[in-house]
Amino acid sequence: MARYRSILSVVLVLLATFLVSCGGPSVATAPPTYTQAQVEKIQTYVPEVQAVSDRAAELQRLIQTKQWVKVRNFIHGPMAEARLSMNYITSNLLPQDQKSARENVKNLLDHLVKVDQAAEVANYQQAVINSQAAFSDLDKFLKLVPQPGTQAEES
């Protein structure tokens with residue numbers, strides 16, 4: 001009987017060693033990345049946002065010349081369309097970038113509302129401060145957007 005226990009112990013040790021050696025370390029997964037299709041889809045909305053970002057000087061000029069009706073038209077026109085495009089882009093970003101992108105869109109909206117309120121009462125100082133902050137939010141958002149040919153791999 002003692003002999004069978006010894007043999008059984010040796011077999012169990014060999015079996016345990018075999019099972020442990022077959023387990024190995026888990027395979028490291030690559031961090032999530034954009035596919036070429038995702039980048040192309042995102043890039044269809046980027047020109048609208050970039051065009052509004054490029055028009056920052058125009059809004060500043062309208063505020064400086066105190067053309068409040070045109071300031072409000074700019075906010076409710078091109079800026080509102082850019083915000084809509086930003087929402088489309090946000091939904092297509094990687095999960096870890098979506099939170100930051102949503103925060104930037106929310107901050108942009110808050111600043112645009114304040115510019116609109118300042119334009120309504122002709123408050124030059126508040127309009128300047130909040131318009132600069134709005135374009136800063138826009139620039140932060142654009143930094144989150146993947147560029148064509150970067151971070152893309154075929155899946």
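Relevant structure appears above.
Residues numbered from 1 in each chain as written. Predicted model: local features only at pLDDT ≥ 70, side-chain atom pairs only at ≥ 80, totals over all residues. Heavy atoms only, no water.

Focus on helix H7 (residues 124-144)
- When the terminal C-alpha atoms of H7 are compared, their 31 Å separation across 21 residues agrees well with the 30 Å that a helix rising 1.5 Å per residue should span.
- Among the residues of H7, Ala 127, Val 128, Asn 130, Ser 131, Ala 134, Phe 135, Asp 137, Leu 138, Phe 141, Leu 142 and Leu 144 are the ones counted as buried.
- Measuring from the backbone nitrogen of Gln 125 back to the side-chain oxygen at the start of H7 gives 3.4 Å, which picks out Asn 123 as the cap. (Helix = DSSP H or I, 4+ residues; strand = E, 2+ residues; numbered from the N terminus. Expected span 1.5 Å × (residues − 1). Buried < 20%, exposed > 50% of the residue type's maximum accessible area, 1.4 Å probe, protein only. Polar contact = N/O pair within 3.5 Å; in protein donor to acceptor, adjacent residues only side chain to side chain.)

Thoughts on unusual backbone geometry
- In this structure, Lys 66 is a non-glycine residue whose phi angle is positive, near 55 degrees.
- By the secondary structure assignment, Lys 66 is in the loop between helix H4 (56-64) and helix H5 (68-92).
- In this structure, Ala 122 is a non-glycine residue whose phi angle is positive, near 60 degrees.
- Residue placement: Ala 122 occurs in the loop between helix H6 (95-120) and H7.
- Here Ala 122 falls in the partly exposed class, since its relative accessible area comes to 43%.

A closer look at the nonpolar core
- Core analysis: the largest hydrophobic core is formed by 35 residues, its most contacted members being Val 71 and Ile 89.
- Contributing elements (two or more residues each) for this core: helix H2 (36-43), helix H3 (46-54), H4, H5, H6 and H7. (Core = buried A, V, L, I, M, F, W, Y, C linked by side-chain atoms within 4.5 Å.)

Comments concerning the packing of H4 against H7
- Running from N to C, H4 and H7 point in directions that differ by 175 degrees, and their axes come no closer than 10 Å. Considering the angle they form, H4 stands roughly antiparallel to H7. Mapping the contact onto sequence places Ala 56, Leu 59, Gln 60, Ile 63 and Gln 64 in H4 and Tyr 124, Ala 127, Val 128, Ser 131, Gln 132 and Phe 135 in H7.
- Split by residue class, the contact of H4 with H7 holds 7 nonpolar, 4 polar and no charged. (Axes fitted to C-alpha atoms, helices over the stretch in contact; angles between N-to-C directions. Parallel < 35°, antiparallel > 145°, perpendicular 65-115°, else oblique. Contact = heavy atoms within 4.5 Å. Nonpolar A, V, L, I, M, F, W, Y, C, P; charged D, E, K, R; others polar.)

Observations regarding the pattern of salt bridges
- Counted by the stated rule, this structure contains 3 salt bridges.
- The closest approach of N and O atoms between Glu 58 and Arg 55, which form a salt bridge, is 2.8 Å.
- Residue Arg 55 is classed as partly exposed on the basis of its relative accessible area of 32%.
- Notably, a salt bridge pairs Asp 116 with Arg 72, separated by 2.6 Å at the nearest N-O pair. Taken as a pair, Asp 116 in helix H6 and Arg 72 in helix H5 lie far apart in primary sequence, 44 residues in all.
- For Asp 116, a relative accessible area of 13% translates into the label buried. (Salt bridge = Lys/Arg side-chain N within 4 Å of Asp/Glu carboxyl O.)

Quick look at the packing of aromatic side chains
- Applying the stated criterion to the full structure yields 1 aromatic pair.
- Seen from the ring of Tyr 124, Lys 66 lies directly overhead, with NZ or CZ sitting 5.6 Å from the centre. (Phe/Tyr/Trp six-rings, centres within 6.5 Å; stacked < 30°, edge-to-face > 60°. Lys NZ or Arg CZ within 6 Å of the ring centre and 35° of its normal.)

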